[in-house]
Amino acid sequence: MKPIQVGLLGFGTVGSGVAKVLARNAEEIGRRAGRAIEVKRVAVRNIVKARAVAPAAVVEGLAFGNDFHAVVDDPEISIICELIGGTTLAKELVLRAIANGKHVVTANKALLALHGNEIFAAAQARGVTVAFEAAVAGGIPIIKALREGLTANRIEWIAGIINGTSNFILTEMRDKGAAFADVLAEAQQLGYAEADPTFDIEGHDAAHKLTILSALAFGIPMQFDKAYLEGISRLTQEDIAYAEQLGYRIKLLGITRRKANGVELRVHPTLIPAKRIIANVDGVMNAVVVQGDAVGQTLYCGRGAGSEPTASAVVADLVDVTRLLTADPEHRVPHLAFQPDRLVDLPILPIDAVETSYYLRLKAHDKAGVMADVTRILADADISIDAMMQKEPAEGVKVVDIIILTHIALERRVDEAIARIEGLATIAGSVTKLRLENLDK
Ligand SMILES: NC(=O)C1=CN([C@@H]2O[C@H](COP(=O)(O)OP(=O)(O)OC[C@H]3O[C@@H](n4cnc5c(N)ncnc54)[C@H](O)[C@@H]3O)[C@@H](O)[C@H]2O)C=CC1
Ligand SMILES: N[C@@H](CC=O)C(=O)O
Ligand code: NA
């Protein structure tokens, strides 16, 4: 059988990784796919720069050019691999490829979180597939697991470390006391970070991925604009240390949970019991916990970013698409796990309607009665205390740190209680609030 022809858009960290993996494992990939997979053309902004990213043996057979539209319009190309990132040119090219009747493989979570509803509808109408395993948790086959392996289950929640860069930063800060800016620079150099790294550290990238996971888990449209996101840039060393003393690790988690009145969709630094496996997933590794009603908890772990781990997912999609070329479009696995006409429009809950446990850190003037005032305010708000720790002040310091862990409470009530606590004359400054998840059920 003739090889399947692929057009690569972009030849950076991921694009060059795809070319390397395809070249190195060509024989085995061909045996799996049923025919050879060949990169016919590569479109890049800068040909000289692109040629320098991969070894000569990989690039010498590739046809580089600057005309992205010509690749998308090439009648001999069956699959377009979009690896440029961003949501403007990438969207235009992906929709054009679909209109031309080509299948698309993309690693672009921002594109899908923002425009996935339109892109999947266009692909469905044209009878082509848009495959996106690399878009969530890099090399971990989490899309495959949710779309195929777990289809018997009513999924209750998903919680994941789904941004490699921020996990790498948190790990280096905790283990080596490294400075935030230095570790971020290292993550960029290693090819983990997004073109704009604020997407990584402020939670946007994790929220893009979580939006996709939530759609797959609950059969809902992508609703990125409703996601709550909070990154790691304001996290302090003292909160990381206090969490450790209380038996917790802080991770940037994406959490989506089905509730009676809607769906939680939130990304934020989260305390997790240190004994949980996911709390010990460090560096660039990602991990996703899925709670299904039949299977219980399953955990998926692996490299969430980097050239070849991400290429592993892109190439797996190329194999999948190659295998299904002859399948009737009506009988393919649906893009979002549920049949497109069976998606339901569940509302995304605002953050103040979320129910979870909390870590509160307050600075109190060490006066008699302050603890009684704080616990009374919490009790009035129906917030029960799970643990409390008071740190003795250093010599000459007049305020003490008080750390409180609460049981599950409604965020709105916690915020109201915090406002009252901050109004106490005995409390200095503002209260630090972090969310805590036990991830046990
Ligand atoms: N780097 C990683 O570990 C992962 C990246 N991704 C996603 O894969 C995609 C590619 O990421 P990387 O390879 O890391 O990026 P990169 O910056 O290393 O490479 C991007 C490539 O696309 C080209 N490009 C970018 N914008 C362009 C534009 N407007 N016009 C023409 N060419 C343009 C660049 O010249 C380069 O060849 C992104 O959507 C990213 O979010 C997904 C998972 C992991
Ligand atoms: N910047 C992302 C890359 C993979 O999606 C990350 O750090 O996880
Ligand atoms: Na993946």
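Residues numbered from 1 in each chain as written. Chains lettered and ligands numbered in written order. Predicted model: local features only at pLDDT ≥ 70, side-chain atom pairs only at ≥ 80, totals over all residues. Heavy atoms only, no water.

Trainee: Could you clarify how one ought to interpret the environment of Pro329 in this entry?
Mentor: Relative to the elements of secondary structure, Pro329 occurs in the loop between α14 (307–323) and β13 (355–365). Along the sequence, Pro329 and Ala316 sit 13 residues apart, while their C-alpha atoms lie 19 Å from each other. (Helix = DSSP H or I, 4+ residues; strand = E, 2+ residues; numbered from the N terminus.)

Trainee: Whenever I open this one, the site of ligand 2 confuses me. Can you help?
Mentor: Residues in contact with ligand 2, as listed here, are Lys109, Asn163, Gly164, Thr165, Tyr192, Ala193, Glu194, Asp200, Asp205, Lys209, Gly304 and Ala305. At 2.8 Å from an oxygen atom of ligand 2 is found a side-chain nitrogen or oxygen belonging to Lys209. Bound to the protein, ligand 2 loses 94% of the 250 Å² it would expose on its own. For the shell around ligand 2, the elements supplying multiple residues, two or more each, are α9 (164–176) and α12 (204–218). Class assignment for the residues of the shell around ligand 2 results in 3 nonpolar, 4 polar and 5 charged. (Near = heavy atom within 4 Å. Polar contact = N/O pair within 3.5 Å; in protein donor to acceptor, adjacent residues only side chain to side chain. Areas by Shrake-Rupley, 256 points an atom, 1.4 Å probe, with all protein chains shown as cover. Nonpolar A, V, L, I, M, F, W, Y, C, P; charged D, E, K, R; others polar.)

Trainee: Could you clarify how one ought to interpret the pattern of salt bridges in this entry?
Mentor: For side chains of opposite charge, pairing can occur when their charged atoms come near one another. Taken as a whole, this structure holds 37 salt bridges when the rule is applied. Its salt-bridge partner being Lys363, residue Glu238 comes within 4.0 Å of it at the nearest N-O pair. In this pair, Glu238 is assigned in helix α13 (residues 237–245) and Lys363 in strand β13, connecting sequence segments 125 residues apart. The closest approach of N and O atoms between Asp352 and Arg412, which form a salt bridge, is 3.4 Å. One end of the pair, Asp352, is in the loop between α14 and β13; the other, Arg412, is in helix α16 (residues 411–422), with 60 residues separating them in the sequence. Residue class for Asp352 comes out partly exposed when judged on its relative accessible area of 28%. A single network of salt bridges, built from pairs that share partners, joins Arg174, Asp175, Glu244, Arg249, Lys251 and Asp282. (Salt bridge = Lys/Arg side-chain N within 4 Å of Asp/Glu carboxyl O. Buried < 20%, exposed > 50% of the residue type's maximum accessible area, 1.4 Å probe, protein only.)

Trainee: Would you mind going over the coordination of the sodium ion (ligand 3) with me for this structure?
Mentor: Geometry reference: four tetrahedral donors at a metal, ideal angle 109.5 degrees. Six octahedral donors, ideal angles 90 or 180 degrees. At this site the sodium ion (ligand 3) is bound by Glu133 (O), Glu133 (OE), Val136 (O), Gly138 (O) and Ile140 (O), with donor distances of 2.3 to 2.6 Å. In terms of primary sequence, the donors binding the sodium ion (ligand 3) are separated according to E-x2-V-x1-G-x1-I. The pair Val136 / Ile140 is uniform in exposure class, with both members buried. (Donors = N, O, S within 2.8 Å, 3.2 Å for Na, K, Ca; no water.)

Trainee: Whenever I open this one, the pairing of strand β1 (residues 4–9) confuses me. Can you help?
Mentor: Within a regular beta strand, the side chains point alternately toward one face of the sheet and then the other, so they alternate between its two faces. Burial within β1 is extensive, with 6 of its 6 residues counted as buried. Going residue by residue along β1, you find Ile4, Val6 and Leu8 tucked away on one face and Gln5, Gly7 and Leu9 tucked away on the opposite face as well. Inspection of the sheet shows β1 paired to strand β4 (residues 79–82) by 4 bridges, in the parallel sense. Paired with Gly7 across the strands is Ile80, a residue of β4. (Pairing = 2+ DSSP bridges.)

Trainee: It is not clear to me how the site of ligand 1 should be interpreted in this structure. Could you clarify?
Mentor: Taken together, 20 residues sit near ligand 1, with Thr13, Val14, Gly191, Glu194 and Gly306 positioned nearest. The separation between an oxygen atom of ligand 1 and a polar main-chain atom of Phe11 is 3.0 Å. With respect to ligand 1, the backbone of Gly191 contributes an N or O atom lying 2.9 Å from a nitrogen atom. Across the complex, the protein chains shield 80% of the 820 Å² of accessible surface that ligand 1 would expose by itself. Per-class residue counts for the shell around ligand 1 are 9 nonpolar, 8 polar and 3 charged.

Trainee: Looking at this model, I keep getting lost on the environment of Val71. Mind explaining?
Mentor: Within the element layout of this structure, Val71 appears in helix α5 (residues 68–73). Between the alpha carbons of Val71 and Pro329 there is a distance of 24 Å; along the sequence they are 258 residues apart. Ignoring anything within four residues of it in the chain, the contact list for Val71 reads Gly7, Leu9, Arg41, Ala43, Ile77, Ile80 and Lys102. (Contact = heavy atoms within 4.5 Å.)

Trainee: I'm lost on the nonpolar core in this one. Help?
Mentor: What tends to happen in soluble globular proteins is that the nonpolar side chains get buried as a cluster. By size, the foremost hydrophobic cluster in this structure holds 82 residues, and its most contacted members are Phe132, Ile142, Leu146, Ile212 and Val290. Here this core takes 9 residues from α12, the largest share from any one element. Val6, Val18, Ala19 and Val105 belong to the second-largest nonpolar core, a separate cluster that totals 35 residues. (Core = buried A, V, L, I, M, F, W, Y, C linked by side-chain atoms within 4.5 Å.)

Trainee: Would you mind showing me how to read the UniProt feature "domain: ACT" (unreviewed entry) in the protein here?
Mentor: According to UniProt, the "domain: ACT" (unreviewed entry) feature falls on residues 359–439. A helix fraction of 28% and a strand fraction of 42% characterise residues 359–439, whose end C-alpha atoms lie 15 Å from each other. (UniProt positions renumbered as here; feature names shortened; annotations may be inferred.)

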